[in-house]
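This is what each chain is made of:
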Amino acid sequence: MFSCSSMRAAFCRQALQSGTRLGGAKSAGGLVASSSSARLSASQRNATARFVSSAMSSFKPRSAANENGLQRQQPGDSRGAPEPSSSQLKDVPLVKTDEKNVRVGWDPLTWSKFHNFWLRDHCRCKKCFHQITKQRLVNTFDIPPDIQPSKAEATSEGLKVTWPGHSSTTPHTSVYPWTWLKWNAHEPVSLKSEEEPLLQLREKVLWGAKIVQEPPTVDHDYVMNNERGLWKLLNKIDTFGFCFVPGVEATPEATERLTRRVANIRQTQYGSFWDFTSDLAKGDTAYTTLGLTAHTDTTYFTDPCGLQLFHLLSHTDGRGGETLLVDGFYAASLLNELHPEAYRTLASVRVPTHAAGEPGELYRPSPPSGYPILNLDPQSGKLVQVRYNNDDRSTMRGLSLDELERWYEALRLWNNTLKSPDSEYWVQLAPGTAVVIDNHRVLHGRSAFDGQRRMCGAYIGMDDYRSKLTTLTEKFGGSPVTDKEANSTARSNWSPLF
């Protein structure tokens, strides 16, 4: 039997060890390790004491145990069950309940609250969540707003919650994996390396003109003949915002096959797959010999095209036409560092745009007021999209004179950043090498040219691209296993992505 005194000792050791790790590791707040011993601050010692005291309060004789209080692993009926082992006690978080929440103690200093209703609404057992379609089956509106668990306990599989029956329903049991709870905690929780959601870990590599020394490249045959090659291409696009694909036959047919290998082609007013020269076949300056400043395409769409694939098929009897690439995320980071007020202005002021060169077409985004040049994730505040084409900008309206002045000044600073020699990457495309660009990040342009220049390519929807990248990452990239029934072909019900 595992005695109460030995359980107290185990918890004290665990609390002190956890305190040492938190106090001894360098954190985002700059907390630096002491040498070998556990030197805790007064606040940490108090928190540790509260944690141990809380743990001790639950380890009463079984006859006095509170079903809604602190629980440890007790599989099945606790009456007559063997005491949990010391290793099990060490590896499982603490669990407490109150009127509205289930509280999980990851270590002496870290507790998470999970709202009762939220937990019940997110049960993913077979009755509550379709195991194939991954869609919710539980009726959110049948759950009592003030629902409380009749029991909550820590198990090796995760947080086990028993819900009381109500109306005509019977009691229900839900089990939530610990890693999934960490991913979805209302406040960030430190993750072990094996708990990191790999599908969300990709860091963007920001670049400037020096990318010319080693631009991202994946060979055409590797992409076409091996799914790992395709995954490598999509990963490089995700990381750098663009990638070259050498070895493509200089024909529209081979280029279209490559495009469709990446993802579905997006139909626009330019067609699906385009093959064009400078003949003004469409009312757009792309169909001229003029130079084009750095821009993103289709800013006049509510949802601008995601990827753009270019392939120069030929350029005869002329010169010029170099391709310009600029990392919009890099330029934005420079602007934010040097001129934070200008960055905030470009991230907040909406810019109306249009495409009106064809008599039978007139495109404007919804809402017509448009979107900012720099678009931020409303939750994280991180930059997620650059949509900028000064040539397609409509009349600026709805701003005060002071706001208008601030916006124009911010636009000038943005333009200067884009045109800085440090930002511009110029490359002469050649037949046989395609380039794929993330149109939500990388701006492109070209120098003026003469002669006959033939280009082909297509747009790809961002959602189609992200879907392909995600599914290939699931297949080749590995991810934490949180569903014991998951196998090589099944997607876990506890994916970090939904």
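Residues numbered from 1 in each chain as written. Predicted model: local features only at pLDDT ≥ 70, side-chain atom pairs only at ≥ 80, totals over all residues. Heavy atoms only, no water.

Peer 1: Any chance you could break down the overall build of the chain for me, citing the residues and the numbers?
Peer 2: Regarding its fold elements, the chain presents twelve helices and 17 strands. Across the 498 residues in the chain, those meeting the buried criterion constitute 46%. In the chain, the proportion of contacts linking residues at least 24 apart, taken out of those at least 6 apart, comes to 70%. (Helix = DSSP H or I, 4+ residues; strand = E, 2+ residues; numbered from the N terminus. Buried < 20%, exposed > 50% of the residue type's maximum accessible area, 1.4 Å probe, protein only. Contact = heavy atoms within 4.5 Å.)

Peer 1: Describe helix α9 (residues 328-338), naming the residues involved and giving the relevant values.
Peer 2: Along α9, the residues that are buried comprise Gly-328, Phe-329, Tyr-330, Ala-331, Ala-332 and Leu-335. If you follow the buried residues of α9, they end up packed against β11 (323-327), α10 (340-346), β12 (374-376), β13 (383-386), α11 (401-418) and β16 (442-446). For α9, the N-terminal capping position is held by Asp-327, with its side-chain oxygen 3.0 Å away from the main-chain nitrogen of Phe-329. (Polar contact = N/O pair within 3.5 Å; in protein donor to acceptor, adjacent residues only side chain to side chain.)

Peer 1: Hey, could you go over the sheet that holds β11 for me, with residue numbers and the actual values?
Peer 2: Strand order across the open sheet formed by four strands is β9-β16-β11-β14, with antiparallel pairing between neighbours. The open sheet is flanked by β9 (292-295) and β14 (424-427), the only strands paired with a single partner. Averaged over all pairs of adjacent strands, the angle between their axes in this sheet comes to 20°, without regard to strand direction. Relative to β16, β11 is paired through five bridges, and the arrangement is antiparallel. By the bridge assignment, Val-326 is partnered in β16 with Leu-443. Against the sheet, α9 contacts β11 and β16, and its axis sits at roughly 50° relative to β11. (Pairing = 2+ DSSP bridges. Axes fitted to C-alpha atoms, helices over the stretch in contact; angles between N-to-C directions.)

Peer 1: So what's going on with the pattern of salt bridges? Residues and values would help.
Peer 2: Per the counting criterion, the structure on display carries 14 salt bridges. The partner of Lys-182 in a salt bridge is Glu-195, with the nearest N and O atoms 3.1 Å apart. Of the two residues, Lys-182 is situated in helix α5 (residues 178-183) and Glu-195 in the loop between α5 and α6 (220-225); the sequence distance between them amounts to 13 residues. Accessibility assignment for this pair places Lys-182 and Glu-195 in one class, buried. Arg-260 is the salt-bridge partner of Glu-256, the closest N and O atoms lying 3.0 Å from each other. Here Glu-256 and its partner Arg-260 are both found in helix α8 (residues 252-262), four residues apart, which amounts to about one turn of the helix. Among the charged side chains, a network of salt bridges with common partners joins Lys-204, Asp-238 and Arg-466. (Salt bridge = Lys/Arg side-chain N within 4 Å of Asp/Glu carboxyl O.)

Peer 1: Lay out the packing of aromatic side chains in plain terms, naming residues and giving numbers.
Peer 2: Tallying each qualifying case throughout the model produces 18 aromatic pairs. Consider the rings of Trp-106 and Trp-178, whose centres lie 6.0 Å apart with planes at 85°: the pair is edge-to-face. Here Trp-106, found in strand β2 (residues 101-107), pairs with Trp-178, found in helix α5; they are 72 residues apart in sequence, far enough to count as distant. Taken as a pair, Trp-106 and Trp-178 share a single burial class, namely buried. Pairing Trp-118 with Trp-180 gives two aromatic rings, centres 5.4 Å apart and planes at 20°, and the pair type is stacked. Separated by 62 residues along the polypeptide, Trp-118 in helix α4 (residues 116-121) and Trp-180 in helix α5 bring together distant segments of the chain. Across this residue pair, the class does not change: Trp-118 and Trp-180 are buried. An aromatic cluster of three or more residues is present, and its members are Phe-114, Trp-118, Tyr-176, Trp-180 and Trp-494. Here the guanidinium or amino end of Arg-350 rests over the ring plane of Tyr-371, the centre of that ring lying 5.5 Å away. One Lys or Arg, Arg-453, reaches over the ring of Phe-449 and ends 5.1 Å from the middle of that ring. (Phe/Tyr/Trp six-rings, centres within 6.5 Å; stacked < 30°, edge-to-face > 60°. Lys NZ or Arg CZ within 6 Å of the ring centre and 35° of its normal.)

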